[in-house]
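Commentary on secondary and tertiary structure
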Amino acid sequence: MHGHMRNIQKELEFLDIFDDHADEFFSYCVSRIPDPAQAQEVLEKTFKRAWDEMAAGQPLRTERFYRLLDEAVNERANKAFGAIVRFFESFKGTMASSS
């Protein structure tokens, strides 16, 4: 029973962070990822990751959530940058073969 009480406490702590900071987290995401749908997706994945970490016994604080969010935003930016690089490299290859 005592373990169940701790799980409830963790869930309440998680929900408190969510309730207190969800708008702030979303605004931060949108400032880094201009497409609101993509920002929402990153935020949802980050909340899932934070929930999983908390369920695994790691403490969750607002600062940790921001770190997870930063990692997710940077991962998304790196994927987008890689796609842009590949796009321009494909033109470079096309231009070289046509000359």
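Residues numbered from 1 in each chain as written. Predicted model: local features only at pLDDT ≥ 70, side-chain atom pairs only at ≥ 80, totals over all residues. Heavy atoms only, no water.

With that settled, the discussion passes to the overall build of the protein. In terms of regular secondary structure, the protein is built from three helices and zero strands. For the protein, long-range pairs separated by at least 24 residues make up 55% of all intrachain contacts whose partners lie at least 6 apart in sequence. Summed over its atoms, the accessible surface of the protein is roughly 7200 Å², and 58% of this surface lies on carbon and sulfur atoms. (Helix = DSSP H or I, 4+ residues; strand = E, 2+ residues; numbered from the N terminus. Contact = heavy atoms within 4.5 Å. Areas by Shrake-Rupley, 256 points an atom, 1.4 Å probe, with all protein chains shown as cover.)

With 17 residues, the main nonpolar core has Phe-25, Cys-29, Val-42, Leu-43, Phe-65 and Leu-69 as its most contacted residues. Looking at this core, the elements that each hand over two or more residues are helix H1 (2-32), helix H2 (36-55) and helix H3 (62-98). Looking at this core element by element, the count peaks at six residues for H2. With sequence-adjacent residues up to four places away left out, Cys-29 is seen in contact with Ala-39, Val-42, Leu-43, Leu-69 and Val-73. (Core = buried A, V, L, I, M, F, W, Y, C linked by side-chain atoms within 4.5 Å. Buried < 20%, exposed > 50% of the residue type's maximum accessible area, 1.4 Å probe, protein only.)

Moving on, we come to the packing of aromatic side chains. Following the criterion strictly, the structure yields eight aromatic pairs and no others. A centroid spacing of 4.9 Å and a plane angle of 80° characterise the contact between Phe-14 and Trp-51, whose relative ring orientation is edge-to-face. Of the two residues, Phe-14 sits in helix H1 while Trp-51 sits in helix H2, which places them 37 residues apart along the sequence. A relative accessible area of 8% places Phe-14 in the buried class. Of the aromatic side chains, those joined through ring pairs into one cluster are Phe-14, Phe-18, Phe-25, Tyr-28, Phe-47, Trp-51, Phe-65 and Tyr-66. (Phe/Tyr/Trp six-rings, centres within 6.5 Å; stacked < 30°, edge-to-face > 60°.)

Quick look at the side chain of Glu-53 now. If you trace the backbone, Glu-53 turns up in helix H2. Accessibility expressed as a relative area gives 13% for Glu-53, which makes it buried. Leaving out residues up to four positions away in the same chain, Glu-53 has contacts with Gln-58, Arg-64 and Leu-68.

A few words on the pattern of salt bridges. For the structure shown, the criterion picks out eight salt bridges. Ionic pairing is found between Glu-41 and Lys-45, a salt bridge with its closest N-O pair at 3.3 Å. Here the residue Glu-41 and the residue Lys-45 both occupy positions in helix H2, the gap between them amounting to four residues, near one helical turn. Of the residues examined, Glu-41 reaches a relative accessible area of 33% and is grouped as partly exposed. A salt bridge links Glu-53 to Arg-49, with the nearest nitrogen and oxygen atoms 3.7 Å apart. Of the two residues, Glu-53 and Arg-49 both sit in helix H2, four residues apart, roughly one turn of that helix. According to the relative accessible area criterion, Arg-49 is partly exposed, its value standing at 37%. Three or more residues joined by partner-sharing salt bridges are found here, namely Arg-49, Glu-53, Arg-64 and Glu-71. (Salt bridge = Lys/Arg side-chain N within 4 Å of Asp/Glu carboxyl O.)

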